[in-house]
Amino acid sequence: MEYNTKTKITEYNVNWLNIKDACMQTISKQAKTTPPEEWKRKLIISRHSPIRRGFISWKWENIPFYVMGHFVRHHVGCTPYVATSREDRTDIPREERKQTDNVSMQMDANIQALIDMAEKRLCTQSDKVTREYMEALKDEITKYDETIGWALAPSGIYKCGCPEKFSNCTYCTSILKQMPQEDLFDIEKRLDFYNEHREKVKVKKL
């Protein structure tokens, strides 16, 4: 079964000059120029608090109710807005609804929250359909900001190994085994390698 994972960015509120200015404030200076790509990557990898200055909003017109339930579990640095399923508003009895019924939802998230969300929802231990929606969100964000899109990766890529000890996930491990040994412990190179190869291992449409 195929799902409509079409993702619409409704607001892109990321001003890298303002983010850099927040960094400079800590040393009592002011940012005067927009930072280069290398600087953005370093800041995101370091996860310093100024990345919370930038946020992105998006909308899914059709998302299965149970998948929506996975995304609303993320609550730090992000806020979901979900269409009601109340019987008195929709004229559909609750007992007739299924977890696979579509709803619409919007969500706001700052950059840190997006990274945290991706760590869980791009992991193969996430529900396959949920992961499809997260993949679609990553792709759409990349169109607006390649640096933020690049930073969205499974937890195992960031941690250089699978942290899901209650499972037998081999996804990240199989990617990492393909990397040159001398690059393995460089987080930026791991992210580069993941983004270069992820198309080959994306979840197939169900």
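The shown structure was predicted, so the numbers you read here are calculated from the model rather than taken from an experiment.

Analysis parameters
Counting from 1, residues in each chain are numbered in the order their sequence is written. This being a predicted model, a pLDDT of at least 70 is required before a residue's local features are given, and a value of 80 or more before pairs of side-chain atoms are given or counted; all residues contribute to the totals for chains, interfaces and linings. Excluded from the side-chain calculations are hydrogens and water; all other atoms, namely the structure's heavy atoms, are used. Any two strands are treated as partners once DSSP identifies two or more bridges connecting them. In this text, helices come from DSSP runs of H or I with a minimum length of four residues, and strands from runs of E with a minimum of two, each type numbered from the N-terminal end. Lines fitted to the C-alpha atoms define the axes, with helices restricted to the stretch that makes contact. Angles between their N-to-C directions range from 0 to 180 degrees. By the criterion applied in these results, polar contacts are pairs of N or O atoms within 3.5 Å in which, for protein atoms, one can donate a hydrogen and the other can accept it, and in which residues neighboring in sequence qualify only through two side-chain atoms. Should any heavy atoms of two residues lie within 4.5 Å, those residues are counted as being in contact. When describing relative orientation, an angle under 35 degrees is termed roughly parallel and one over 145 degrees roughly antiparallel, while 65 to 115 degrees is termed roughly perpendicular and anything else oblique. Handedness of a helix crossing follows the sense of rotation of the near helix relative to the far helix, less than a right angle counterclockwise being left-handed and clockwise being right-handed. Any residue that is not Ala, Val, Leu, Ile, Met, Phe, Trp, Tyr, Cys, Pro, Asp, Glu, Lys or Arg is counted as polar, Gly included; the first ten are nonpolar and the last four charged. Buried, partly exposed and exposed residues are distinguished by accessible area as a fraction of the type maximum, computed with a 1.4 Å probe on protein chains only: under 20%, between the cut-offs, and over 50%, respectively. In this description, the arc belongs to the directions extending from the helix axis to the C-beta atoms. Here, nonpolar core refers to any group of buried Ala, Val, Leu, Ile, Met, Phe, Trp, Tyr and Cys residues whose side-chain atoms link them within 4.5 Å.

Run through the sheet that holds strand E4 (residues 102–110), naming residues and quoting values.
Within a beta sheet, neighbouring strands are joined by backbone hydrogen bonds and run either parallel or antiparallel to one another. Strand order in this open sheet of 4 strands is E1-E2-E4-E3, and the pairing throughout is antiparallel. In this open sheet, the two strands that pair with only one neighbour each are strand E1 (7–13) and strand E3 (78–82). Strand after strand, the sheet turns through a mean of 15° between neighbouring axes, direction not considered. Of the strand pairs in this sheet, E3 and E4 are connected by 5 bridges, and their pairing is antiparallel. From the neighbouring strand, valine 82 faces E4, where its bridge partner is methionine 105.

Let's hear about the side chain of arginine 198: which residues, and what values?
Mapping arginine 198 onto the fold places it in helix H10 (residues 187–201). Within polar-contact distance, the side chain of arginine 198 engages the side chain of glutamate 135 at 2.3 Å. A distance of 2.2 Å separates a polar atom in the side chain of arginine 198 from a polar atom in the side chain of aspartate 139. Excluding anything up to four places from it in sequence, arginine 198 contacts Glu135, Lys138, Asp139 and Tyr171.

Give a detailed account of the packing of helix H5 (residues 111–121) against helix H6 (residues 128–144), specifying residues and quantitative values.
Two elements in contact, H5 and H6, have axes whose closest approach is 10 Å; the angle formed by their N-to-C orientations is 140°. In terms of axis orientation, H5 runs oblique to H6. The interaxial crossing formed by H5 with H6 has left-handed handedness. From H5, Leu114, Met117, Ala118 and Arg121 reach across to H6, where they touch Thr130, Arg131, Met134, Leu137 and Ile141. A per-class count over the contact of H5 with H6 returns 6 nonpolar, 1 polar and 2 charged.

Requested: an account of the environment of arginine 198, with residues and values cited.
Assessed through its relative accessible area of 6%, arginine 198 is described here as buried. When the C-alpha positions of arginine 198 and isoleucine 175 are compared, they lie 8.7 Å apart, and in sequence the two are 23 residues distant.

Describe helix H2 (residues 37–46), and please don't skip the residues or the numbers.
Among all positions of H2, only Lys40, Arg41, Leu43 and Ile44 are buried. Looking straight down H2, one finds that the buried residues subtend no more than 165° of arc, so they occupy a single side. Two residues or fewer past H2, arginine 47 is found with a positive phi of approximately 60°.

Describe the nonpolar core, listing the residues and the values that go with them.
If you look at the biggest cluster of nonpolar residues, it comprises 52 residues, and the most contacted ones within it are Trp58, Ile63, Phe71, Ile111, Leu114 and Ile148. With 6 residues, H5 is the single largest residue contributor to this core. Look past the residues within four positions of isoleucine 148 in its chain and what remains in contact with it is Val14, Trp16, Ile44, Ile56, Ile111, Leu114 and Ile141.

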